[in-house]
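# Observations on the three-dimensional arrangement
Listed here are the chains, written in short residue letters.
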Amino acid sequence: MDEWKPNPAIKPHKKRSWYLAWKYKLMNQRTLRKLCQTGAVLFLLVTVIVNIKLILDTRRAAYEEEEESAQDYDDELLNVEVPRHPVSNKKVLDVEVYSSRSKVYVAVDGTTVLEDEAREQGRGIHVIVLNQATGHVMAKRVFDTYSPHEDEAMVLFLNMVARGRILIFTIKDEGSFHLKDTAKNVLKSLGSQVAPFLSWRDMWTFVGKKGGELYGEKHAKSPALSTWGDPVLLKTEVHLTSVEDAECHWPDTELNRRRKRFCSKVEGYGSVCSCKDPTPIEFNPDPLKDNKVFDVPVAVIAGNRPNYLYRMLRSLLSAQGVNPQMITVFIDGYYEEPMDVVELFGLSGIQHTPISIKNARVSQHYKASLTATFNLFPDAKFAVVLEEDLDISVDFFSFLSQSIHLLEEDESLYCISAWNDQGYEHTAEDPSLLYRVETMPGLGWVLRKSLYKDELEPKWPTPEKLWDWDMWMRMPEQRKGRECIIPDISRSYHFGIVGLNMNGYFHEAYFKKHKFNTVPNVQLKNVESLRKDAYETEIHRLLGEAEVLDHSKNPCEDSFVPDTEGRVYVMFIRMEQEADFTTWTQLAKCLHIWDLDVRGNHKGLWRLFRKKNHFLVVGVPASPYSSKKPSSVTPIYMEPPAKEEGAVAVPAVAAAEQT
Amino acid sequence: MQKINKNVVLALLSLTSLVFLLFQLYYYKFYLSQKNGAVFSKVRGSQSGQDSTRWHVVRKFLGLIASHNIPVYLIDPLILGLVDKDIEQIRSSPGGPTPECKYFCAPRDFTTFALLDKTWKHEVGLFRTAEKMGFQWLKFINKDPRLDGMDDLSGVEIPLHYIFKLASHAIHLVVFYERSGNYLWHGPLRLKQHMDRKFVPFRKLHFGRYPGAYEKPELLLVSIDDLKVQIPKNPSNFLEEMSHSRFLECRYREARAFFQLYPDDASLDAVEFRKKAKSLLHLAALTLNNLGVKFWLSSGTCLGWYRQCNVIPYSKDVDLGVFIRDYKADIIPAFQKAGLPLKHKFGKVEDSLELSFQGEGDIKLDIFFFYEEDDHIWNGGTQAKSGKKFKYLFPKFTLCWTEFVELKVHVPCETLQYVEANYGPDWKVPVKTWDWKSSPSNVQYNGVWPVDEWDDVIQIY
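The structure presented is a predicted model; accordingly, all values stated were derived computationally and were not measured. Sequence positions are assigned chain by chain, starting from 1 and proceeding in written order. Note on labels: chains are lettered from A, ligands numbered from 1, in written order. In keeping with the model being predicted, local features are shown solely for residues with a pLDDT of at least 70 and side-chain atom pairs are shown and tallied solely at 80 or more, while totals for entire chains, interfaces and linings include all residues. Hydrogens and waters are ignored; side-chain quantities use all the structure's heavy atoms.

On to the overall build of chain B, then. Counting from the N terminus, the helices are DSSP H or I runs at least four residues long and the strands are E runs at least two residues long. Within chain B, the secondary structure is distributed over 13 helices and 21 strands. Across its three principal directions, the C-alpha atoms of chain B cover 110 × 55 × 50 Å. Contacts: residue pairs with any heavy atoms within 4.5 Å of one another. Expressed as a percentage of contacts within chain B between residues at least 6 apart in sequence, the contacts between residues at least 24 apart total 69%. Summed over all atoms, the accessible surface of chain B reaches about 21900 Å², with 55% contributed by carbon and sulfur. To be clear on the numbers: accessible area is Shrake-Rupley with a 1.4 Å probe, and residue cover counts the displayed protein chains and nothing else.

Side-chain pairing between opposite charges can occur once the charged atoms of the two side chains come close. Only one rule defines a salt bridge in this text: a Lys or Arg side-chain nitrogen within 4 Å of an Asp or Glu carboxyl oxygen. Inspection of every chain in the model, using the stated rule, returns 55 salt bridges over all chains. Between Arg 146 of chain B and Asp 144 of chain B there is a salt bridge; the shortest N-O distance is 2.9 Å. Here Arg 179 of chain B makes a salt bridge to Glu 249 of chain B, at a shortest N to O gap of 2.8 Å. One end of the pair, Arg 179 of chain B, is in strand 6 (residues 169–179); the other, Glu 249 of chain B, is in the loop between helix 7 (235–243) and helix 8 (252–261), with 70 residues separating them in the sequence. The buried label goes to any residue with under 20% of its type's maximum accessible area, the exposed label to any with over 50%, and the partly exposed label to all in between, with areas taken from a 1.4 Å probe on protein chains only. Judged by its relative accessible area of 2%, Arg 179 of chain B falls in the buried class. A cluster of three or more residues bridged by salt bridges with shared partners is formed by Asp 252, Glu 254 and Arg 257 of chain A together with Arg 128 of chain B.

Residue and element names in this part refer to chain A. Burial of the side chains of strand 9 (residues 232–239) is restricted to one face: Val 232, Leu 234, Thr 236 and Val 238 are buried, whereas none of Leu 233, Lys 235, Glu 237 and His 239 on the reverse face is. Sheet topology note: the strand 1 (residues 92–99)/strand 9 ladder contains 8 bridges and is antiparallel. Paired with Val 95 across the bridge in strand 9 is Thr 236. Pairing between strands is defined by DSSP: at least two bridges between them are needed.

A few words now on the nonpolar core. Among buried residues, the Ala, Val, Leu, Ile, Met, Phe, Trp, Tyr and Cys ones that are joined through side-chain atoms within 4.5 Å form a nonpolar core. Among the nonpolar cores identified, the biggest contains 119 residues, and Leu 313, Leu 316 and Trp 584 of chain A are the most heavily contacted of them. Segmentation of the chain into domains, including their bounds, is taken from an automatic or database domain assignment. Residue-level mapping places this core at the junction of two domains, with at least three residues from each of domain 2 (298–527) and domain 3 (531–628) of chain A. Ignoring any residue separated from it by four or fewer positions in sequence, one finds Leu 313 of chain A in contact with Val 300, Val 329, Val 341, Val 342, Phe 345 and Leu 347 of chain A. Phe 370, Leu 399, Ala 421 and Trp 427 of chain B belong to the second largest nonpolar core, which has 63 residues in total.

Before going further, it helps to spend a moment on the sheet that holds strand 21 (residues 568–575) of chain A. Residues and elements named next belong to chain A. Taken together, the 5 strands give an open sheet; going across it, the order is 20-21-24-23-22, and neighbouring strands pair in mixed fashion. Lying at the two open borders of the sheet, with one neighbouring strand each, are strand 20 (547–548) and strand 22 (601–602). The pairing of strand 22 with strand 23 (residues 605–610) spans 2 bridges and is classified as antiparallel. Opposite Asn 601, over in strand 23, you have Trp 606 as the bridge partner. Lines are fitted to the C-alpha atoms to define the axes, a helix being fitted only along its stretch in contact, and any angle between axes, read from their N-to-C directions, falls within 0 to 180 degrees. Packing against the sheet, helix 16 (residues 582–590) makes contact with strand 21, strand 23 and strand 24 (613–621), and its axis sits at approximately 130° to strand 21.

Another aspect to go through is the packing of aromatic side chains. All names here are of chain A. Paired rings are identified among Phe, Tyr and Trp, the last through its six-membered ring, by centres lying within 6.5 Å, and are further divided according to the angle between planes into stacked (under 30 degrees), edge-to-face (over 60) and tilted (the rest). Per the stated rule, a full pass over the model turns up 59 aromatic pairs over all chains. Taken together, a centroid distance of 5.5 Å and an interplanar angle of 25° make the contact between Phe 169 and Phe 206 stacked. Of this pair, Phe 169 sits in strand 6 (residues 166–172) while Phe 206 is found in strand 7 (residues 203–209), placing the two residues 37 residues apart along the sequence. Summarising the burial analysis for this pair, Phe 169 and Phe 206 share the class buried.

Residues and elements named next belong to chain B. Residue position: Val 431 is located in the loop between helix 12 (415–423) and strand 20 (443–448). By relative accessible area, which is 42% here, Val 431 ends up partly exposed. Once the C-alpha coordinates of Val 431 and Trp 401 are considered, the two residues, 30 residues apart in sequence, prove to be 27 Å apart.

Right, let's get into the domain arrangement of chain A. Per the domain assignment, the segments of chain A are domain 1 (92–245), domain 2 (298–527) and domain 3 (531–628). Computed from C-alpha coordinates alone, the two centres of domain 1 of chain A and domain 3 of chain A are separated by 55 Å.

Right, let's get into the confidence of the model for chain B. Residues and elements named next belong to chain B. When the pLDDT values of chain B are averaged, the result is 87; 92% of them are 70 or greater. pLDDT measures the predictor's confidence residue by residue and takes values from 0 up to 100. Every residue in residues 35–46 is under pLDDT 50, and counting partners more than four places away or in other chains gives 22 contacts. Scoring the predicted complex yields pTM 0.79 and, for the interface, ipTM 0.78.

Now for helix 16 of chain A. Think of an α-helix as turning once every 3.6 residues; residues three or four places apart then point the same way. Residues and elements named next belong to chain A. Thr 583, Trp 584, Gln 586, Leu 587 and Ala 588 are the residues of helix 16 that are buried. Structurally, helix 16 contributes buried residues whose contacts are with strand 21, strand 23 and strand 24. His 592 sits one or two residues past helix 16 and shows a positive phi near 60°.

Residue and element names in this part refer to chain A. Two cysteine sulfur atoms make up a disulfide if the distance between them is within 2.5 Å. Across all of its chains, the model carries 7 disulfides over all chains by this definition. Disulfide partner of Cys 263: Cys 273, at an S-S distance of 2.0 Å. On the S-S bond that ties Cys 263 to Cys 273, the torsion sits near -90°, and the link is left-handed. One end of the pair, Cys 263, is in helix 6 (residues 254–263); the other, Cys 273, is in the loop between helix 6 and strand 10 (298–302), with 10 residues separating them in the sequence. Taking relative accessible area as the criterion, Cys 263 reaches 6% and is therefore assigned buried. Since its relative accessible area comes to 15%, Cys 273 is described here as buried. Residue Cys 415 pairs covalently with Cys 484 via a disulfide, S to S 2.2 Å. Here Cys 415 and Cys 484 share a disulfide; its torsion about the S-S bond, 120°, makes the bridge right-handed. With Cys 415 in strand 15 (residues 413–417) and Cys 484 in strand 18 (residues 483–487), this residue pair connects regions lying 69 residues apart in the sequence. Each disulfide of chain B joins two cysteines, and with those cysteines numbered along the sequence the arrangement is 1-2, 3-4, 5-6.

Right, let's talk about helix 7 of chain B for a bit. Residue and element names in this part refer to chain B. Every buried residue belonging to helix 7 is among Pro 235, Phe 238, Glu 241 and Met 242, and all of these are buried. Relative to the axis of helix 7, the buried residues are bounded by an arc of 120° and lie together on one face. In this structure, the buried side of helix 7 is in contact with helix 4 (77–85), helix 5 (87–92), strand 8 (212–214), strand 10 (227–232) and strand 19 (407–412). Within this analysis, the arc is defined by the directions that extend from the helix axis to the C-beta atoms.

Turning to the sheet that holds strand 1 of chain A, a few remarks are in order. Residues and elements named next belong to chain A. Here 4 strands make up an open sheet; going across it, the order is 3-2-1-9 and the pairing antiparallel. The sheet terminates laterally at strand 3 (111–116) and strand 9, the two strands that pair on one side only. Averaged over all pairs of adjacent strands, the angle between strand axes in this sheet comes to 10°, irrespective of strand direction. One ladder, built from 5 bridges, connects strand 2 (residues 104–108) with strand 3; its direction is antiparallel. From the neighbouring strand, Ala 107 faces strand 3, where its bridge partner is Thr 112.

Below you can see the structure in the form of structure tokens.
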């Protein structure tokens, strides 16, 4: 007891309890345990919370996405995908081929792929090419081998078809009259046993594979000259190969992918689908320096002549200064093959539902194409208009680039055209020379937007008026005295032989010998002199320097023009008033230039070349240039041959419709 | 005993939580690989990681675009809004390194860019490169509206939108097309049936709910957040424009059906009238736009647009509507300067104002001023000889852009209500004899002008 002395200064009790507590804790580790417990619980809690958050987060994200999958953005139109021709996995095709006097048909797996029973049409050998892997029709042709030269076209075509393709042949009416041995041998090499003995009015069907294998052949001989062989119906089976085998193994590039797509669908384009050494489909011609037409849209007006379109686009894309992005191909009708060609070259194509018939259909197609072009390129002041049966000169865009400012600045101009109606091999000479003419040649030309939008489009002939768009454009109500600029040597070449107003004879007579510029980068001469007033000065200068030819000679004779080079000559013909083209037509006829209607004139003056001399023809007294005629010279008058009038009238109509 | 129990429970709990943790990790990994990290940063809650993801995706996208020489420009309203605040500074600074990521790291789901269609070549290579860089992409195509107005052209669908997605961020690329009328157009974004609805939260897109029409913007190359990017030169103007850019396409199909029923007048007179009306409208649009006065197609001109996508050839005048709040005293002198003398002026600014200008030939340009009330909008008419007032009532409407005779103009978005109010339910039937005082179905007699005001409210020249 005496040890205990309470001392108020210190607080031993407190100290002790703290100490004890510490000691106790230390000894028992209860606090530590508690600490651990709390820690563990906290840890657990955190884990649980994080977990819950994670679950909520992902849930919400998923929910939101589901919710927000944009009802607003749903396409209202239910796109009911129409199943395309079902691609059967069948390995065997049933092929039926029928040949008779008045009807042919081909059915593949029950689907008719060819049927022709039209009267007086489709005579000759019908050929169908099928893809050996899919059975799809890749090409359909008819060669009227009753007529001359058609067998050559057939041989050409058959040679272009790739090995392994399935070929189906059938004759309608008559197919042997002009089927020469070469063609027969080609057919024989395809496996036909009958072909070498095909004769007058025989019926014949044949299915084979290019490069061998005969699937079936039937033949009915004509018993007599006046009768046909009995109709034959061939039913056979064709074994399909794998897709792999049917395709070439080109390196996998963007271009080759396009090529592959093309080549698996169509046939008859030769080396573009060649496995070993395919012809390029991208050309990369040199760009033009200071190209003023780089941003000018190019409208290619096309119908269903895919082979023409192919040739045309090749030449167009090879022209220097071409801008593929500005090219749009307008196809009149829902034809697949022209579209395939367009896609092969990576261009854009637009199909147009045909409206009306014949010339009016073409005319409506033109209108739709031009309107669409200016809609698609609202910035454009001009459009280049081309057709599918034209070759385009290598300097086509260079020619336009050098002259387009005239169309912009000179109100008296109607168009710039790449075509000189009178520019034949023997009448055109100077690639750098331009003319002004009162006619509208078309065949590759430039249209001013304001002309189209303000004048032409609103009153374009309606479908029920069966008019030609170009004839309509040439009418004085539309042309209003304005002129077109054309080159001496054409920058386009009209190669089409098949067409609405075109046939082989006509083409041979008026288009085949047309001169076509092949020289690149031609520097045009004196472009400024093509302006309205400057051109008059230029003509007066030319006439002033021109030597007057001997008017006592016959202008049709070669000797009419002296054997010189590079001189300027002038002759005067009789032309009573502005529309009197009697003498001119006769002169054009004997010069073998365009004589079906009047083309290429400028105020009663025609400019062309003869024997490499510039040759001017002035109509007196209608032409304002008549004053240049020396008083001693009597204008030449040539009378139209009276007899031929009827004969002339027929091609004149055809000609009027053409181009 | 209790202690042991507690310990066991604790140990068990810890084990469970450990398992939980492991499971979590596994789940993260699983989710990551599937969603390209979409949720990763969200859950981690680390804002900076998410921010830099956005910046990285934008940078990658710009790199992709640059490697294919495709000129895009930024039209993202969020970023442009931020940029606009600092526009002076951004314009003046040549683009040295910036301390913080201020714009491209801002929280958002998309970054929106615009692409002018004519400036690129639709190379497929772009998408292959994009895929190699890890982008997933979607393309939205639809019919080309530039060819829609034409009879039976087909074959072309054009790309309207692209979405490139990488990690948790997506780039929305809006394709703009130039159209007749010198403006830019972008299409609506519509999902086709087979499309992945969850690709991105489509609802949050700033462009694509409706088609839109814009002026061609002047662009400015700037460097923001160390990225070089083109932006509209005046972002605030662009944002303003964006807020009312909705575009209505003319109803070409219905117009064709209309012309099937009532063949178009192709006479020379009709052609002439349309030509004159078109040039008068162009002139009026130019004049009013220069003044900054917003206007829309009204009455017969609006009906012509809505019903037949063309000028009604027998309508004899061009009608425009203007809100009275947009009235400017300069309007009359401006038109006179443009060669359109004032023909008459009815009413006054406070009530029933109407201006008529004499166009070339016999065509009149009528400008009706519209007064807004709580539940309707109206404009007034005045009969010159009697001083009678008329009132034409319309339901409330907003303005949309459209294209008419190669011009970008406003029309009421709620066109049908507008036309029906004016022409009644039979607006589809052409009526050639029209009396403005009695024919409209929304006309109301509105009293007579006091005679002493006549000199002011009835001015005829």
